[in-house]
Amino acid sequence: MKFLRHVVAVVACVYLAGCASGAQVANMVNKGEQQQFPQEIQENLVLSSVTGGEETNPAWTSEISDKAFSEAIKQSLVEQGLFSDDGKYQLAAEMLEVEQPLFGLDMTVTTKVKYTLTDKETGKVLFDETVNAPYTATVGDAFAAVKRLRLANEGSGRENIKGLLELLSKLEINADQISMVN
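Quick caveat: nothing in here was measured; it's all calculated off a predicted structure.

Caption draft 1: Inspection of helix H3 (residues 66-79) at higher detail. Here H3 contains 14 residues, and its C-alpha end-to-end distance of 20 Å stays within 8% of the 20 Å for a straight helix at 1.5 Å per residue. Burial in H3 covers these residues: Ala68, Phe69, Ala72, Ile73, Ser76 and Leu77. As for H3, its buried residues are in contact with helix H2 (25-28), strand E1 (45-51), strand E2 (89-99), strand E3 (107-119) and helix H4 (145-169). One or two positions beyond H3, positive phi appears at Gly81, with a value near 75 degrees.

Caption draft 2: Summary view of the sheet that holds E2. Reading across the sheet, the 4 strands line up as E1-E2-E3-E4 and stay open at both edges, with mixed pairing between neighbours. Both edges of this open sheet fall to E1 and strand E4 (125-137), since each of them pairs with a single strand only. Across the sheet, the mean angle separating the axes of adjacent strands is 20 degrees when strand polarity is ignored. As defined by bridge partners, E3 adjoins E4 across 12 bridges and the pair is classed as antiparallel. Counted as the bridge partner of Val113 is Val131 from E4. The sheet contacts of H4 involve E1, E2, E3 and E4, and relative to E4 the element is tilted by about 150 degrees.

Caption draft 3: Region of interest: the pattern of salt bridges. By the definition in use, this model includes 4 salt bridges. Here Asp128 ties to Lys114 by a salt bridge, and the two come within 3.9 Å at their closest N and O atoms. Placement of Asp128 in strand E4 and of Lys114 in strand E3 is noted, with a sequence separation of 14 residues between them. On the basis of relative accessible area, Asp128 is assigned to the partly exposed category, the value being 43%. With a closest N to O distance of 2.8 Å, Glu154 and Arg150 form a salt bridge. Placement of the pair is Glu154 and Arg150 together in helix H4, with a separation of 4 residues, close to one helical turn.

Caption draft 4: Spatial organisation of H4. Counted at 1.5 Å a residue, the expected span for H4 with its 25 residues is 36 Å, and the 36 Å between its end C-alpha atoms agrees. For H4, the buried fraction is high: 18 of the 25 residues fall into the buried class.

Basis of the calculations
- Residues numbered from 1 in each chain as written.
- Predicted model: local features only at pLDDT ≥ 70, side-chain atom pairs only at ≥ 80, totals over all residues.
- Heavy atoms only, no water.
- Helix = DSSP H or I, 4+ residues; strand = E, 2+ residues; numbered from the N terminus.
- Expected span 1.5 Å × (residues − 1).
- Buried < 20%, exposed > 50% of the residue type's maximum accessible area, 1.4 Å probe, protein only.
- Contact = heavy atoms within 4.5 Å.
- Pairing = 2+ DSSP bridges.
- Axes fitted to C-alpha atoms, helices over the stretch in contact; angles between N-to-C directions.
- Salt bridge = Lys/Arg side-chain N within 4 Å of Asp/Glu carboxyl O.

Note that every value here comes from positions in space, so none of it alone points to a role or purpose.
See the structure below:
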């Protein structure tokens, strides 16, 4: 029994050896290939709100904050030529869930984010879609569990933004109808 307590204490110390830090904006920005988007949304999207994230408690686990995720989305939209401070279309993101492991060698984080794109003038919702994006950080990426979890958070956030951009690239906007290209 005494041995087991020592093992648990050592494992806890190793796990908590570093302080947890929140997901970093630069590591969540999608810097992939330039995609083709409908002319109507190019330089015409404004980011209205990002909600549902959590601030990181350094004594606990890494999280993705609203502020960091918002900035990562904004920078990704800028990279793709979609962002505008006064665009016609308003994008909102709601982080519904961030599924994280408590411990493990390979840490897989899955973000579930609901994106809503609205025409500011008419209030018409162009799309209301949810993106699920898993990402796994391995021991090869970082030995310390707290860093591995942060890397998994950042990777999942980046993959989620990539999923948003794929949705936006399939959007068809015309005067009569709005749809997603199959």
